[in-house]
Amino acid sequence: MDLPVDHAFCHRLPKAELHAHLSGSVSRETLHTIWQSKQAKQQCLDLEDPSVALKPAGDYPTVLSFFRIFNEYIYRLLDDAESIVDATMSVLEDFRKDGVKYLELRTTPRTIPEQGIDYAEYVHLVRQAIEGWNFSRWCHEAHNYELEAHLILSIDRSMTLEQAMEVVEIAIANQTPQEAGCASRVLGVDLCGNPTITPVSHLAPAFLRAKDVGLNITVHFAETPTSSTTHELEELLSWSPTRLGHAIHVPPPLNEVIRSRDIALELCLSCNVLAKLTEGGFAEHHFGMWRKTGCKVALGTDDVGVFESGLSNEYLLAAKHFGLSKSELFGLARSAVSAAWAGKERMMRLLDEFS
């Protein structure tokens, strides 16, 4: 197995994607198609072509411009039932084409009052797309999923406690599959959003409620220096997350806490480097540090529609910049599966068959 790593190997490797945001994973091609359709209907006439809007000043967005792209562009384009469902289905197809076999797709519930869409209806639309996908592939593949997809509901840092509690209650109501033969369900909740918005302690009761009913918890953690104070990080760890996203600016004393609690890390190479969340390029990415700690590590794409790097390429980047062999990439894929919230038996079987 230890011949030189190439893209073909990374593509064939059965992969689990645990850190992917729905709206940020919609490809430019799909956004362009939706944009053209709306332009033809005399809608969204003030929005630029996605190829321009998603690369402000001709470069990838930084943390300062990143959230504006969502609030001022992507959310405005995906503003009705048809576009939400179409975008979700296209995201699933893109992950399937990239050789992803297991996907936990996260999304922040939105309200679109002019379309009669509240948080619950938004989640219903996304689940409708995911379950329709899962069911069609389940039948097509003779009761064997080509891609098994689940959902994580995100709580934005800007939300009120009332809004966060509503998201948790919707997650609770969507913990079971709606259709026989469909694996899809809401597996847990996430803390996300602009990391410059602090504090987040007012959201603690929502995550306590999630924990009490058995929902899994992941949080965006130490993403920027602003959101990496010891006070905030200890607060987030008190919510009992089983996974942490990004984990860039973690103070050394907390590294051992994370390791001792067996908390897994969701690490996103391209997003962090291209958005300038880290310094020094790929070779200096904190993936190199975390993989030596013994913690479970899962590579993720974060926002493949924005940063244009699929999960296969993330594995290839890890091999290139950290000197990983094929057997080490195989171990990395198993590590991601061990951190998944469902689908472990199937994924381990796929990996065993691959080896």
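Details of the structure are given in the entry above.
One structure accompanies this document, and this report is about it. As the structure is a prediction and not an experimental result, all values here were calculated from the model.

In total, this model carries 9 aromatic pairs according to the counting rule given. Relative to Phe 307, the ring of Phe 66 has its centre 5.9 Å away and its plane inclined at 10°; by these criteria the two rings are stacked. Remark: Phe 307 occurs in helix α13 (residues 304-307) and Phe 66 occurs in helix α4 (residues 63-77); sequence separation between them is 241 residues. The class for Phe 66 is buried, based on a relative accessible area of 12%. On the basis of relative accessible area, Phe 307 is assigned to the buried category, the value being 2%. Judged by centre distance (4.4 Å) and plane angle (15°), the ring pair of Phe 207 and Trp 239 falls under stacked. With a gap of 32 residues between them, Phe 207 in helix α8 (residues 204-212) and Trp 239 in the loop between α9 (230-237) and β6 (243-246) connect regions that are remote in the sequence.

This next bit is on empty space enclosed by the protein. For the structure on display, the rule yields 1 cavity of 30 Å³ or more. Of the pockets and cavities examined, the largest cavity occupies roughly 50 Å³. Forming the walls of the largest cavity are Leu 22, Ser 23, Val 26, Leu 78, Ile 84, Ala 87, Thr 88, Arg 110 and Tyr 122. Per-element tally for the lining of the largest cavity: the top contributor is helix α5 (residues 81-97), with 3 residues. Considered class by class, the residues forming the lining of the largest cavity number 6 nonpolar, 2 polar and 1 charged.

Reading the values: rules and limits
- Residues numbered from 1 in each chain as written.
- Predicted model: local features only at pLDDT ≥ 70, side-chain atom pairs only at ≥ 80, totals over all residues.
- Heavy atoms only, no water.
- Phe/Tyr/Trp six-rings, centres within 6.5 Å; stacked < 30°, edge-to-face > 60°.
- Helix = DSSP H or I, 4+ residues; strand = E, 2+ residues; numbered from the N terminus.
- Buried < 20%, exposed > 50% of the residue type's maximum accessible area, 1.4 Å probe, protein only.
- 1 Å grid on protein atoms, 1.4 Å probe; cavity = no way out; pocket = protein on both sides within 12 Å on 5 of 7 lines; lining within 4 Å.
- Points joined across faces, edges and corners; volume = space filled by probe spheres on them.
- Nonpolar A, V, L, I, M, F, W, Y, C, P; charged D, E, K, R; others polar.

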